[in-house]
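The primary structure of each chain is shown beneath.
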Amino acid sequence: MNGAAESRVVIEGSVVTRPAGPWTPTVHALLRHLMAAGLSGVPEPLGIDNDVERLRLVPGAAGSQCWPRQATEHGLRSAARLLRAVHDASQTFVPPDGAVWSVAEVAGSEGSVSKGTICHGDPGPWNMTWHGNTATGLFDWDFAHPAPAIDEVAYALEYFAPFRSDTEAIRWLGFRNPPDRRRRIAAFVEAYGLDCVTGLVDAVIARQLQTIEQTRSLAERGVQPQRDWVASGHLDELRARVRWSEANRALVE
Ligand SMILES: Nc1ncnc2c1ncn2[C@@H]1O[C@H](COP(=O)(O)OP(=O)(O)OP(=O)(O)O)[C@@H](O)[C@H]1O
Ligand SMILES: [Mg+2]
């Protein structure tokens, strides 16, 4: 989730300290698995002390520095390849007994590309590290959960396409000109390795609705920052994003 939460996160040298949740041991097991599978761009888990987790900093530019980088076609394609590599490496993860995820697991449909995929859950460009215009790493794994990979492609496309107005894209998302969303969706999908874009806009809308439910559920359980977000009306903003996607199909399909 893209919110200013730097105060919850402390970086000292190459070590990141952030709040831990009941899901953190499961996430650390996943990160160890991904590293053992050869991925170098995920944070190495260093330990959990009560309600705090420690992780290795993934090198590169991060956070709001991502926007002009992801706006390039090279950046877009590199992010799609990174996501695919993460999904492929996650296939062989065997969750520990009593695994806990922060958000509900999503069952895959028969024959989907995603059998056994663990999704990152929040793979926006701001949660990636960048070297130049290349996405090289993925951090902030709090929302990881088993789900069809297509859900995660849909989540990423909301931001990479983007499913936002030209004004927002230029003001906030690093674009110099109105983005060619159809072209960017096709490039992302090709670099990820999906066969076609059919049904993707519906998948983005379904994933946007899922984000509303996930945010509401986390807030209800008192998880921060979602609790504060919901109290200050964030769900209305999320609903407006769904309406934008429904009203602007002509721009994206
Ligand atoms: N493992 C990491 N490697 C590199 N940078 C990190 C790492 N963890 C956190 N950061 C830095 O700290 C910032 C906030 O961390 P993180 O994304 O984990 O927290 P957050 O509360 O989820 O924030 P946001 O809502 O912006 O996603 C990131 O934008 C990034 O600059
Ligand atoms: Mg983050």
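Keep in mind it's a predicted model, so treat the numbers as computed, not measured. (Residues numbered from 1 in each chain as written. Chains lettered and ligands numbered in written order. Predicted model: local features only at pLDDT ≥ 70, side-chain atom pairs only at ≥ 80, totals over all residues. Heavy atoms only, no water.)

With that out of the way, let us pick up the packing of aromatic side chains. Considering all chains together, one arrives at six aromatic pairs under this definition. Measuring from ring centre to ring centre gives 6.4 Å for phenylalanine 93 and tryptophan 101, while their planes differ by 75 degrees; the resulting arrangement is edge-to-face. Both residues of the pair, phenylalanine 93 and tryptophan 101, belong to the buried class. Here a set of aromatic residues connected by ring pairs shows up, and it is made of Trp67, Trp126, Tyr155 and Tyr159. Here the guanidinium or amino end of arginine 84 rests over the ring plane of tyrosine 192, the centre of that ring lying 5.1 Å away. (Phe/Tyr/Trp six-rings, centres within 6.5 Å; stacked < 30°, edge-to-face > 60°. Buried < 20%, exposed > 50% of the residue type's maximum accessible area, 1.4 Å probe, protein only. Lys NZ or Arg CZ within 6 Å of the ring centre and 35° of its normal.)

The interhelical angle for the contact between helix H3 (residues 73–90) and helix H4 (residues 149–160), taken along N-to-C directions, is 160 degrees, at an axis separation of 11 Å. What the angle tells us is that H3 and H4 run roughly antiparallel. Judged by the twist between their axes, the crossing of H3 over H4 is right-handed. Contacts from Leu76, Ala79, Leu83 and His87 of H3 reach H4 at Ala149, Glu152, Ala156 and Phe160. Partitioned by chemical class, the residues of the contact of H3 with H4 number six nonpolar, one polar and one charged. (Axes fitted to C-alpha atoms, helices over the stretch in contact; angles between N-to-C directions. Helix = DSSP H or I, 4+ residues; strand = E, 2+ residues; numbered from the N terminus. Parallel < 35°, antiparallel > 145°, perpendicular 65-115°, else oblique. Left-handed = near helix turned anticlockwise from the far one by under 90°. Contact = heavy atoms within 4.5 Å. Nonpolar A, V, L, I, M, F, W, Y, C, P; charged D, E, K, R; others polar.)

Next up on the list: the sheet that holds strand S2 (residues 15–19). In space, the four strands of this open sheet follow the order S1-S2-S4-S3, with antiparallel pairing throughout. A strand with exactly one partner marks an edge of an open sheet, and here the two such strands are strand S1 (10–12) and strand S3 (45–49). Within the sheet, the average angular offset between the axes of one strand and its neighbour, ignoring direction, is 20 degrees. Those strands touched by helix H1 (residues 24–36) are S3 and strand S4 (52–56), and its axis lies near 170 degrees from that of S3. (Pairing = 2+ DSSP bridges.)

Looking now at the UniProt feature "domain: Aminoglycoside phosphotransferase" (unreviewed entry) in the protein. Residues given the UniProt feature "domain: Aminoglycoside phosphotransferase" (unreviewed entry) here are residues 27–98 and 116–169. End C-alpha to end C-alpha, residues 27–98 measures 12 Å, and it is 46% helix and 14% strand. Taken end to end, residues 116–169 is 30% helix and 24% strand, and its first and last C-alpha atoms sit 34 Å apart. (UniProt positions renumbered as here; feature names shortened; annotations may be inferred.)

With respect to the helices and strands, aspartate 122 occurs in the loop between strand S5 (118–119) and strand S6 (128–131). Spatially, the C-alpha atoms of aspartate 122 and threonine 211 are 9.6 Å apart, while their sequence positions differ by 89 residues.

Per the stated rule, a full pass over the model turns up 17 salt bridges. With its nearest N and O atoms 2.6 Å apart, the salt bridge here joins glutamate 53 to arginine 18. Placement of glutamate 53 in strand S4 and of arginine 18 in strand S2 is noted, with a sequence separation of 35 residues between them. Each member of the pair glutamate 53 and arginine 18 is classed as buried. A salt bridge links arginine 164 to glutamate 168; the shortest N-O distance between them is 3.9 Å. (Salt bridge = Lys/Arg side-chain N within 4 Å of Asp/Glu carboxyl O.)

Further remarks concern H3. Look at H3: 26 Å from first C-alpha to last across 18 residues, which is about the 26 Å you get at 1.5 Å a residue. Every buried residue of H3 is accounted for by Gly75, Leu76, Ser78, Ala79, Ala80, Leu82, Leu83, Val86, His87, Ala89 and Ser90. (Expected span 1.5 Å × (residues − 1).)

Before going further, it helps to spend a moment on the coordination of the magnesium ion (ligand 2). Listed as protein donors to the magnesium ion (ligand 2) are Asn127 (OD1) and Asp140 (OD); their distances from the metal cover 2.0 to 2.1 Å. Remark: aspartate 140 occurs in the loop between strand S7 (134–138) and strand S8 (145–146) and asparagine 127 occurs in the loop between S5 and S6; sequence separation between them is 13 residues. Classification of asparagine 127 by relative accessible area gives buried; the value is 3%. (Donors = N, O, S within 2.8 Å, 3.2 Å for Na, K, Ca; no water.)

Counting 64 residues, the largest nonpolar core has Trp141 and Phe188 as its most contacted members. Looking at which element gives the most residues to this core, the answer is H4, with eight residues. For this core, the two domains that each supply at least three residues are domain 1 (6–56) and domain 2 (63–252). Here tryptophan 141 is in contact with Val27, Leu30, Leu31, Leu34, Val42, Pro43, Val86 and His120, once residues within four sequence places are set aside. (Core = buried A, V, L, I, M, F, W, Y, C linked by side-chain atoms within 4.5 Å. Domains from an automatic or database assignment.)

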